[in-house]
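# A closer look at the structure
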Amino acid sequence: MKTPKSDLTDDFNDPLITIEEDEEAHEEDLWFLPGPFEEEPDDLPPGPRAEPPDTAVIEDWAKAEGVHAARLARVAGRLGALDDRLLRGPEGWRHRLALIEAADLSWFAGDRVSSDRLALWISMRLSGAQDDPNALARVGWAVRRLTGGPGPKADLAAFLDRRDPENIEGSAERFEDRAGGWLDVMAAAAELHPITRACMGFHLWSLAGLGQHDDQMEAAVAASRIAASDGSGAIFAPLAMGGAGGLRVSGLPPERLARWLDGMNSAILTAMRHLDGTQTWSVRAEGAMSQLSGRTPAALRSVLTEWPLVSAPMAEALTGASRAAVQRNLAWMEERGLIREVTQKGRFRMWRIKD
């Protein structure tokens, strides 16, 4: 009996040719299957791209820090000298610099609070009809944070005096979440120098959703505290005393850091010159007033060292002396060229030390 011939190939070296050809033939018959993906027209709008992680910006700032390493070292050295100067100096010096810095920052932020109005507001809560109470409150907050209180890294909500309302809607974005995102990035940048980290934090402030009407003031004060966080004498690093060019928001991180370092360098030099003049005046005034008796001369001299501008009611409130004693001593100091009036003998007369 003859065995039927098999359809299978006897070539074991190439056993899949027939099978693959059969599969291709069968797939052509399966008309109901979709075609290859690349042959379909893509009519859908592009979807959202994956955002880089928040900490991805740290690498850009680390590179900027490397580019400006020498300049950063010089500014850090000058900040260290200011820190040592304030550590050895009287407590009033910190307060004096904080008042000057806050007034200059108010002009940068658009509030434009003059030094005399700020002095009256801080010392006696006096304001004129032309003064914006909200602006005074913002600058008053800046003075408090530049002279002490919690730092931004410890508790940002306490630092800003800002909390989420208790009845906040469930779908609303919480301040606590925005603050947490900014703090996370700042913590991840711990390897950066505090001055670089301060610059980065300032420029990320609005991107983190922390900005309000006064976001520039808040961001600058927070950055100034971070920049001086390694010191023990200076509570803040001056940013606006030499002009606010370092706070301009434009360019890439290397450009921003370069402006920041130049602006801080100018502000620190201005602060040091101001302290030099104040110290020289204190020595001269102490020698000239040694002939005066009572506690009012020494107390008044201390007030003039602590405050850039002083009025008679301010001096009365700050020294506890009588109005007559204060006015008599102010007149004596003005006559001998220790102080000068800056209000042109107006209704609210104010004096400052005469270098």
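Conventions adopted
- Residues numbered from 1 in each chain as written.
- Predicted model: local features only at pLDDT ≥ 70, side-chain atom pairs only at ≥ 80, totals over all residues.
- Heavy atoms only, no water.
- Axes fitted to C-alpha atoms, helices over the stretch in contact; angles between N-to-C directions.
- Helix = DSSP H or I, 4+ residues; strand = E, 2+ residues; numbered from the N terminus.
- Parallel < 35°, antiparallel > 145°, perpendicular 65-115°, else oblique.
- Contact = heavy atoms within 4.5 Å.
- pLDDT = per-residue confidence, 0-100.
- Buried < 20%, exposed > 50% of the residue type's maximum accessible area, 1.4 Å probe, protein only.
- 1 Å grid on protein atoms, 1.4 Å probe; cavity = no way out; pocket = protein on both sides within 12 Å on 5 of 7 lines; lining within 4 Å.
- Points joined across faces, edges and corners; volume = space filled by probe spheres on them.
- Nonpolar A, V, L, I, M, F, W, Y, C, P; charged D, E, K, R; others polar.
- Core = buried A, V, L, I, M, F, W, Y, C linked by side-chain atoms within 4.5 Å.

### Description of the packing of helix H4 (residues 91-109) against helix H12 (residues 296-306)
One can describe the packing of H4 onto H12 by two numbers: an axis separation of 7 Å at closest approach and a directional angle of 40 degrees. The orientation of H4 with respect to H12, classified from their angle, is oblique. Together, Gly92, Trp93, His95, Arg96 and Leu99 of H4 and Leu304, Thr305 and Glu306 of H12 make up the contact between the two elements.

### Things to note about the environment of Glu286
Inspection of the secondary structure assignment puts Glu286 in helix H11 (residues 253-288). Sequence separation between Glu286 and Arg301 is 15 residues, and the spatial gap between their C-alpha atoms is 7.8 Å.

### Some thoughts on the confidence of the model for the protein
For the protein, per-residue confidence averages 84 on the pLDDT scale, and 79% of positions sit at 70 or higher. Segment residues 6-12: pLDDT under 50, and 0 contacts once partners within four positions in sequence are set aside and those in other chains are kept.

### Thoughts on the environment of Trp307
Here Trp307 is to be found in the loop between H12 and strand E1 (310-311). Overall, the relative accessible area of 5% leaves Trp307 in the buried class. With 44 residues separating them in the primary sequence, Trp307 and Trp351 have C-alpha atoms 10.0 Å apart. Ignoring sequence-local partners within four residues, the contact set of Trp307 consists of His95, Arg96, Leu99, Ala119, Ile122, Ser123, Met314 and Leu318.

### Some thoughts on empty space enclosed by the protein
Which parts of space are left empty comes out when a probe the size of a water molecule is rolled across the atoms. What the rule picks out here adds up to 1 cavity of 30 Å³ or more. A volume near 50 Å³ is recorded for the largest cavity. Tallying contributions element by element places helix H5 (residues 115-124) first for the lining of the largest cavity, with 3 residues. The class makeup of the residues in the lining of the largest cavity is 6 nonpolar, 1 polar and no charged.

### With respect to the nonpolar core
Core analysis: the largest hydrophobic core is formed by 95 residues, its most contacted members being Leu82, Ile195, Met200, Trp260, Met264 and Met333. Considering each element in turn, this core owes the most residues, 11 residues, to H11.

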